[in-house]
Amino acid sequence: MSENNNNVEVLADEMDFETPDHAWQTLKRVWRSVSDQHKRLAFVLVSVVLYTFLSIIAPLYSAHIIDLLWNNIKETVTTGAAFQVTWAAGGRDMVFLLLIYLAAALFYTLQSFLMSSFAERLSLRLRIEISKKLNRLPLSFFDRTKTGEILTSPFMSSIVIIKHRKPCKQEC
């Protein structure tokens, strides 16, 4: 754990973090720039809500199945009959639990796919905008700027961070 904290401290020392002066206006401008992806983000939000709901319901429903099975086991012990799981006495509930877990996996996969494609499109759009801006600069700018300085600038590094950001499940 301390090694992880040291890595974070080194990263914090290496990078200058600035808070934007007009964060709300910047957020509005970014929101407008991704207006063609609002539906995608709405699907992501719905997927996150449904995944979370199903992830909470599944363990509760499995507790119900365990109680049902335990009661069936106790009943078979008292009657001396062989224990069996039938469709009506537990089988239907187990299949329903499987469907809950499959639906949760589907919504998680959908959310991950949509967010990664959103990040790729955002990264592409930012790179295109930066490229257009660089193409409009006068040649004197390139005479003054060292070779490689443009590609290693903070805004290019931010785009790489956005592109390689992995979706997190619970550790974020």
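Whatever comes next refers back to the structure up there.
Since we're looking at a predicted model, the values are computed, not measured. (Residues numbered from 1 in each chain as written. Predicted model: local features only at pLDDT ≥ 70, side-chain atom pairs only at ≥ 80, totals over all residues. Heavy atoms only, no water.)

A. Expanded view of the overall build of the protein chain. In terms of helices and strands, the protein chain carries six helices and zero strands. When the helices and strands of the protein chain are placed in sequence order, the string is α-α-α-α-α-α. Out of the 172 residues belonging to the protein chain, those deemed buried represent 20%. (Helix = DSSP H or I, 4+ residues; strand = E, 2+ residues; numbered from the N terminus. Buried < 20%, exposed > 50% of the residue type's maximum accessible area, 1.4 Å probe, protein only.)

B. View of a nonpolar patch on the surface. Taken together, the side chains of Trp70, Ile73, Val77, Phe83, Val85 and Met94 present a nonpolar region at the surface, about 550 Å² in accessible area. For the nonpolar patch, the element with the most residues is helix α3 (residues 38–79), which contributes three residues. We classify Ile73 as partly exposed; its relative accessible area is 32%. (Patch = residues over 30% accessible without salt bridge, like charges linked within 9 Å, V, L, I, M, F, W, Y side chains within 5 Å. Areas by Shrake-Rupley, 256 points an atom, 1.4 Å probe, with all protein chains shown as cover. Salt bridge = Lys/Arg side-chain N within 4 Å of Asp/Glu carboxyl O.)

C. Structural context of the packing of α3 against helix α4 (residues 91–136). Across the interface, α3 lies against α4 with an axial gap of 8 Å and an inter-helix angle of 160°. For the element pair α3 / α4, the angle class is roughly antiparallel. Read as a crossing pair, α3 and α4 show a hand that is left-handed. Looking at the contact of α3 with α4 residue by residue, the classes come out as 27 nonpolar, five polar and three charged. (Axes fitted to C-alpha atoms, helices over the stretch in contact; angles between N-to-C directions. Parallel < 35°, antiparallel > 145°, perpendicular 65-115°, else oblique. Left-handed = near helix turned anticlockwise from the far one by under 90°. Nonpolar A, V, L, I, M, F, W, Y, C, P; charged D, E, K, R; others polar.)

D. Focus on the nonpolar core. Among the nonpolar cores identified, the biggest contains 10 residues, and these are Tyr51, Leu54, Ala58, Tyr61, Ile65, Leu69, Leu97, Ile100, Ala104 and Phe107. The element that contributes the greatest number of residues to this core is α3, accounting for six residues. The contacts of Leu97, once residues within four sequence positions are left out, are Ala58, Tyr61, Ser62 and Ile65. (Core = buried A, V, L, I, M, F, W, Y, C linked by side-chain atoms within 4.5 Å. Contact = heavy atoms within 4.5 Å.)

E. Local environment of the packing of aromatic side chains. Applying the stated criterion to the full structure yields two aromatic pairs. Judged by centre distance (5.2 Å) and plane angle (40°), the rings of Tyr51 and Tyr108 are tilted. Taken together, the residues span a long stretch of sequence, with Tyr51 in helix α3 and Tyr108 in helix α4 at a distance of 57 residues. For Tyr51, a relative accessible area of 16% corresponds to the buried category. Overall, Tyr108 belongs to the partly exposed group, its relative accessible area being 22%. Between Tyr61 and Phe96, the ring centres sit 5.2 Å apart and the planes meet at 70°, which makes this aromatic pair edge-to-face. Linking Tyr61 in helix α3 with Phe96 in helix α4, this pair joins segments that are 35 residues apart in sequence. Relative accessible area serves as the criterion here: at 18%, Tyr61 is assigned to the buried category. Using a relative accessible area of 42% as the deciding quantity, one classes Phe96 as partly exposed. (Phe/Tyr/Trp six-rings, centres within 6.5 Å; stacked < 30°, edge-to-face > 60°.)

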